[in-house]
Structure formats: C-alpha cells, structure tokens
Amino acid sequence: MPDDDPKKSEEHAGVSRRDFLKISTITAAVPLVTGPPTVLAAGEEVPVYGPGKVPIVLTVNGKKFNLQLEPRVTLLDALRDNLDITGAKRVCDKAECGACTVLMDNKPVYACAVLAIEAQGKQIETVESLMSNGKLHPIQQAFVDHDASQCGFCTPGFVVACKSFLDRHPNPSAEDIRKGLSGNLCRCGTYAGIREAIAQTARKGA
Ligand code: FES
Ligand code: FES
C-alpha cells in the first residue's frame, strides 16, 4: 500500500485502517484467493502440510525460533502459547478487535487471522520490541502521560497500531487519527486519551 500520500491512500480511496487490516489479514491467510493462480506442471503435486506438527521457523523481534506446530496454529497462538511472547492479546480471536495487532514486515496485521506457517520468512514485531535500553517508546510514554489505558487489555495492540500509524503519518490530522485507529476497539472507551497520545507523539516528532 503506497504511503506517500496518506489522504489519497486512505481517505480518498475510502479505505480505513480497519479495511486495510481486513484486506491484509485476508490476503495473508488465504493467498490463493487473492494471488495469481498456481499452475502446476504435469505430475506436480500440491504440497500438503499436516494435520500433524511440521517444522516452522518464525522471526520475532529479530530472533529466529524453530518450532514444531500444526499448520492450523495461528501466529497469535504461536506467539503466546509456544514462544511465551504474550504482549499481543487474544480477545475476539476473529479479526475484529485489534488486541492481537503485531507488525509483519512493518504492516499491522491481526495475529489471530494469520497462520504461523504463513508468517515464515517475515519479520514479526510485537509490542515487546518497542522498549529500548529500558526506556519506553515515545508512543508508550504518551499512553502513560494521557492515561490512555484502563483495563489495559486492548493497549498492546493499540500501541503497535499507533506506532505503525505514526510511521506512515508523521503529521496526522484529527480525522487521520480517527480513521487510522478504526481497526482497534477499546471496551473501556479510552479513545480520547489514545488520540491525545498520538497527537503528542506526532508533535514531538517521534
Ligand atoms: S483477537 Fe485478533 S482481532 Fe481480536
Ligand atoms: S483499556 Fe480496557 S479495553 Fe481498552
């Protein structure tokens, strides 16, 4: 998705971040639906994986992990249950709420809607990667400064989504922020604080 002109790419094209995330996760989860048709040579067989465990290599926060997982296992479950990387949260588990948002090759995706086997060869970044030398990332600090969290369950996903949004929109308007956050839900209603956190981080140029 081109990033040069956010207004053109999101507003003018009528694509909100929620739409973008849905497209991303659908594309990631069902590549044969959206990609070019696979043409098999005569006698060539479609590779079949599973249903038992298969070797899967994931790169998460710059580290490589060798796993044995059933092909049906989602990236979210692999992170939480197999790697003990629990920042991304399982809330709806059906690509609705954004609590499981992680970056895959720098794009925000719902980890509950991506299979671990499909995340191989991609750079996965979770909220755990944002702190550096014991210091919060500016967007994390801004969440603290603006009291942008209550129960905190949605917060890691929001933080990752906000960081990605700011990378693509360093000077967002209020409308950009509203649209840019539409892929994440907060049941505690902390939206005002989150919007302020984004505005503060943008003002500081982080
Ligand atoms: S848990 Fe993945 S979108 Fe809600
Ligand atoms: S802070 Fe509770 S769901 Fe967002």
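## Topic: the overall build of the protein chain
- Helix and strand content of the protein chain: eight helices and five strands.
- In the protein chain, buried positions account for 45% of the 206 residues.
- With the model as given, the accessible surface of the protein chain reaches about 11000 Å², and the carbon-plus-sulfur share is 54%.

## Quick notes on the confidence of the model for the protein chain
- Scored by pLDDT, the protein chain has a mean of 85; 81% of the residues are at 70 or more.
- Every residue in residues 1-15 scores below 50 in pLDDT, and together they form 23 contacts with partners more than four places removed in sequence or on other chains.
- Considering only residues more than four positions removed or in separate chains, one finds that residues 23-35, a stretch of pLDDT under 50, has 14 contacts.

## A look at the pattern of salt bridges
- With the rule as written, the count across this model stands at five salt bridges.
- A salt bridge links Lys163 to Asp167; the nearest nitrogen and oxygen atoms lie 2.8 Å apart. Residue Lys163 and its partner Asp167 are both found in helix α6 (residues 155-168); the two are separated by four residues, about one turn of the helix.
- The salt bridge involving Arg178 is made with Glu175; its shortest N-O contact spans 2.7 Å. With Arg178 and Glu175 both in helix α7 (residues 174-180) and three residues apart, this pair spans about one turn of that helix.
- Since its relative accessible area comes to 45%, Arg178 is described here as partly exposed.

## Notes on the side chain of Thr59
- Examined against the element boundaries, Thr59 turns out to sit in strand β1 (residues 54-60).
- Owing to a relative accessible area of 10%, Thr59 belongs among the buried residues under this scheme.
- The contact partners of Thr59, leaving out residues within four places of it in the chain, are Lys64, Lys122, Gln123 and Ile124.

## Section: the sheet that holds β1
- Strand order in the open sheet made by the five strands is β2-β1-β5-β3-β4, with mixed pairing throughout. Because the sheet does not close on itself, it has two edges, and the strands there are β2 (63-69) and β4 (107-110). The average undirected angle you get between the axes of adjacent strands in this sheet is 40°.
- Sheet analysis places β1 next to strand β5 (residues 123-125), joined by two bridges and oriented parallel. From the neighbouring strand, Val60 faces β5, where its bridge partner is Ile124.
- Across the sheet, α6 lies against β3 (101-104) and β4, angled at about 40° from β3, the strand it touches most.

## Thoughts on the nonpolar core
- Judged by nonpolar contacts, the single largest core of 28 residues is most densely connected at Leu58, Leu75 and Val102.
- Going through the elements one at a time, β1, β2, α4 (75-82), β3 and β4 are the ones with two or more residues in this core.
- Other than its neighbours up to four places away in sequence, Val102 contacts Leu75, Leu79, Ala88, Lys107, Pro108, Val109, Ala111, Ile124, Glu125, Thr126 and Val160.
- Core analysis: the second largest hydrophobic core is formed by 21 residues, Leu103, Phe143, Ala148 and Cys154 among them.

## As for α6
- Compared with the 20 Å implied by 1.5 Å per residue over 14 residues, the 20 Å span of α6 between its first and last C-alpha is a close match.
- Counting buried positions along α6 gives 13 out of 14 residues, so the element sits mostly inside the fold.

The rules behind the values
- Residues numbered from 1 in each chain as written.
- Chains lettered and ligands numbered in written order.
- Predicted model: local features only at pLDDT ≥ 70, side-chain atom pairs only at ≥ 80, totals over all residues.
- Heavy atoms only, no water.
- Helix = DSSP H or I, 4+ residues; strand = E, 2+ residues; numbered from the N terminus.
- Buried < 20%, exposed > 50% of the residue type's maximum accessible area, 1.4 Å probe, protein only.
- Areas by Shrake-Rupley, 256 points an atom, 1.4 Å probe, with all protein chains shown as cover.
- pLDDT = per-residue confidence, 0-100.
- Contact = heavy atoms within 4.5 Å.
- Salt bridge = Lys/Arg side-chain N within 4 Å of Asp/Glu carboxyl O.
- Pairing = 2+ DSSP bridges.
- Axes fitted to C-alpha atoms, helices over the stretch in contact; angles between N-to-C directions.
- Core = buried A, V, L, I, M, F, W, Y, C linked by side-chain atoms within 4.5 Å.
- Expected span 1.5 Å × (residues − 1).

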